[in-house]
Amino acid sequence: MEKLIITVAGIGAETTRDVQPNLPVTATEIGADAARCREAGAAVYHLHVRRPDGTPTQDRETFSAAIDEIRARTDIIIQTSTGGAMGMSADERLQPLELKPEMASLTTGTANFGDEVFFNDAALMAEFYLRMQAAGVRPEFEVFEAGQIDNALRLVKRYGPAGPLMHWDFVLGVPGSMSGEPRNLVFLVDSIPKEGSTWTCTGIGRWHVPCMLTALALGGHVRLGFEDNVYFTRGILADSNAQMVARVVEIAARCGRDPADPDAARQLLRLGDAA
Ligand code: KMH
Ligand code: ZN
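Scope of this entry: the structure provided in the associated data block.

How each quantity is defined
Numbering of residues starts from 1 in each chain and follows the order in which that chain's sequence is written. Chain letters and ligand numbers both follow the written order, the letters beginning at A and the numbers at 1. With pLDDT at 70 or above as the cut-off, local features in this predicted model cover only qualifying residues; side-chain atom pairs require 80 or more to be listed or tallied, and sums for whole chains, interfaces and linings still use all residues. Each side-chain value is worked out from all heavy atoms of the structure, with water and hydrogens disregarded. Buried and open spaces are told apart on a 1 Å grid over the protein atoms alone, a cavity being a set of points where a 1.4 Å probe fits but cannot get out and a pocket being an open set with protein on both sides within 12 Å along at least five of seven lines. Residues with an atom within 4 Å of a point are the lining residues. Grid points are joined across faces, edges and corners, and a volume is the space filled by probe spheres set on the points. Under the scheme applied here, ten amino acids are nonpolar (Ala, Val, Leu, Ile, Met, Phe, Trp, Tyr, Cys and Pro), four are charged (Asp, Glu, Lys and Arg), and all others, including Gly, are polar. For each residue, the test is whether any non-hydrogen atom lies within 4 Å of the molecule or strand; if one does, the residue is near. Counting of polar contacts relies on pairs of N or O atoms within 3.5 Å, with two restrictions inside protein: one atom must be capable of donating a hydrogen and the other of accepting it, and residues adjacent in sequence are counted only when both atoms are side-chain atoms. What is meant by a nonpolar core is a set of buried Ala, Val, Leu, Ile, Met, Phe, Trp, Tyr and Cys residues, joined one to another through side-chain atoms within 4.5 Å. The buried label goes to any residue with under 20% of its type's maximum accessible area, the exposed label to any with over 50%, and the partly exposed label to all in between, with areas taken from a 1.4 Å probe on protein chains only. For the purposes of this entry, the term helix denotes a DSSP run of H or I that reaches at least four residues, the term strand denotes a run of E that reaches at least two, and both are numbered from the N terminus. We call two residues in contact when some of their heavy atoms are within 4.5 Å. Sites may look incomplete because water is not among the atoms; the donors themselves are N, O and S atoms within 2.8 Å of the metal, or within 3.2 Å for Na, K and Ca. Here, a salt bridge means any Lys or Arg side-chain nitrogen found within 4 Å of an Asp or Glu carboxyl oxygen. We call two strands paired when DSSP finds no fewer than two bridges between them. Every angle, taken between N-to-C directions, lies between 0 and 180 degrees, and every axis is a line fitted to C-alpha atoms, over only the stretch in contact when it is a helix. Starting at the helix axis, one direction is taken to each C-beta atom, and the arc is that of these directions. Roughly parallel covers angles under 35 degrees, roughly antiparallel covers those over 145, roughly perpendicular covers 65 to 115, and oblique covers all other angles. Handedness of a crossing follows from how the near helix is turned relative to the far one, being left-handed for an anticlockwise turn of less than a right angle and right-handed for a clockwise one.

Notes on the layout of surface pockets
Then, number 1: Size it by volume and the largest pocket reaches roughly 500 Å³.
Then, number 2: Lining the largest pocket are 30 residues, with Glu14, Phe113, Ile204, Glu227 and Asp228 positioned closest to its centre.
Then, number 3: Looking at the lining of the largest pocket residue by residue, the class counts come to 13 nonpolar, 12 polar and five charged.

What follows is the structure, encoded as structure tokens:
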């Protein structure tokens, strides 16, 4: 069976230490978290950064410091966020691409996000896509709603590929967007090109375990972490991102699926290969 790529979204922009006391915030904490997750079986770290007071930022230097701390400890694939936090400008959000990470997230459409709106219109998506293409950064298409698949395919058709494969991340269960019902994931997976796609899925909050199990059943990859879910089981906080990684590794192993290490993930995603 194909190895399982586990992506850790360990920080995010919205989770606070008030709700998850073990949230990594400083560059050193982030580096240590990424290394622990890698030890536990993760291959990709979806990176957000925070100011010292814990508020989200897309500041280039703050990303650079966190990347240095991760790189000093582990070979995990770094995927910087270009989503940032609600209300940030496109220029603010684009800053980490200057550091040429191996991957970056790219949400291909506007979505309701709780009581707020995560804004990604056609011009913004095109600008982000072209910037990634020019920098050789592989986009991960973040999909919160079905039409966002069509938007991503339109980008590829209009501007050409940004890599030999399209990598998708189905983010299900954000209040205001698609829920994590298994039928939604089945529909989304059925809606991407069969050839030339790889995909992962994450369930927000209570959808974490159902989405993880559905993704495993469908042969996809898995994302998890404090950006998406702070609980290990109902009412019990996870003690670390690595704890959630270890659980997925255990479940997958029982089904005969081993975790991909970063180099195996690089091969599966064909990172570094020409488009
Ligand atoms: N913080 C959310 C508004 C991404 O990283 O690309 C968006 C987000 C997506 O986290
Ligand atoms: Zn994110």
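Some thoughts on the site of ligand 1
Then, number 1: Ala13, Glu14, His46, His48, Ser81, Gly83, Gly84, Met86, Ser105, Phe113, Phe118 and Glu227 make up every residue found near ligand 1.
Then, number 2: Within the backbone of Gly84, an N or O atom sits 2.8 Å from a nitrogen atom of ligand 1.
Then, number 3: Looking at the shell around ligand 1 residue by residue, the classes come out as four nonpolar, six polar and two charged.

As for the nonpolar core
Then, number 1: Grouped together as the largest cluster of nonpolar side chains are 64 residues, with contacts concentrated most on Tyr45, Leu47, Trp168, Phe170 and Trp199.
Then, number 2: The element that contributes the greatest number of residues to this core is helix H4 (residues 122-135), accounting for seven residues.
Then, number 3: In this structure Trp199 touches His167, Trp168, Phe170, Leu185, Val189, Ile192, Ala215, Leu218, Gly219, Gly220 and His221, once residues within four positions along its chain are discounted.

Observations concerning the coordination of the zinc ion (ligand 2)
Then, number 1: For the zinc ion (ligand 2), every protein donor is listed as His46 (NE2), His48 (NE2) and Glu227 (OE), and the spread of their distances is 2.1 to 2.2 Å.
Then, number 2: Each donor residue of the zinc ion (ligand 2) belongs to the same chain, and together they define the spacing H-x1-H-x178-E.
Then, number 3: On the accessibility criterion, His48 (4% relative accessible area) is buried.

Re the pattern of salt bridges
A side chain of one charge can pair with a side chain of the opposite charge when the charged atoms of the two come close.
Then, number 1: Applying the stated criterion to the full structure yields 15 salt bridges.
Then, number 2: Its salt-bridge partner being Glu29, residue Arg17 comes within 2.8 Å of it at the nearest N-O pair. Remark: Glu29 occurs in helix H1 (residues 27-40) and Arg17 occurs in the loop between strand E1 (6-8) and H1; sequence separation between them is 12 residues.
Then, number 3: Classification of Glu29 as partly exposed rests on a relative accessible area of 30%.
Then, number 4: One salt bridge in this structure joins Glu98 and Arg60, with 2.8 Å as the shortest N-O distance. Of this pair, Glu98 sits in the loop between helix H3 (90-94) and strand E6 (103-107) while Arg60 sits in helix H2 (residues 60-73), and the two are 38 residues apart along the sequence.
Then, number 5: Residue classification places Glu98 among the partly exposed positions, given a relative accessible area of 43%.
Then, number 6: Counted as one network, the salt bridges with shared partners bring together Glu142, Asp169, Arg223, Glu227 and Asp228.

So, the sheet that holds strand E11 (residues 197-203)
Then, number 1: On the basis of which strands lie adjacent, the closed barrel formed by eight strands has the order E1-E2-E5-E6-E9-E10-E11-E12 and parallel pairing. Going across the sheet, the axis of each strand differs from the next one's by a mean of 30 degrees, ignoring polarity.
Then, number 2: As paired elements, strand E9 (residues 138-143) and strand E10 (residues 166-172) share four bridges and run parallel to each other. In the sheet register, Val143 faces E10, and the bridge partner there is Phe170.
Then, number 3: Along the sheet, helix H5 (residues 147-159) makes contact with E6, E9 and E10, crossing E10 at roughly 160 degrees.

Topic: helix H6 (residues 182-191)
Then, number 1: Restricting attention to buried positions, one finds in H6 the residues Asn184, Leu185, Leu188 and Val189. Seen along its axis, H6 keeps its buried residues to an arc of 130 degrees; they face one direction. Counted as exposed and oriented over 90 degrees from the buried face of H6: Arg183 and Asp190.
Then, number 2: Buried residues along H6 sit against E9, H5, E10, E11 and helix H7 (208-218).

Concerning the packing of H4 against H5
Then, number 1: At a minimum axis separation of 11 Å, H4 and H5 run at an interaxial angle of 55 degrees. Taken together, H4 and H5 sit at an angle that is classed as oblique. For the crossing formed where H4 meets H5, the hand is right-handed. Here Met125, Ala126, Tyr129, Leu130 and Gln133 of H4 come into contact with H5, specifically with Asn151, Leu155, Val156 and Tyr159.
Then, number 2: Grouping the amino acids of the contact of H4 with H5 by side-chain chemistry returns seven nonpolar, two polar and no charged.

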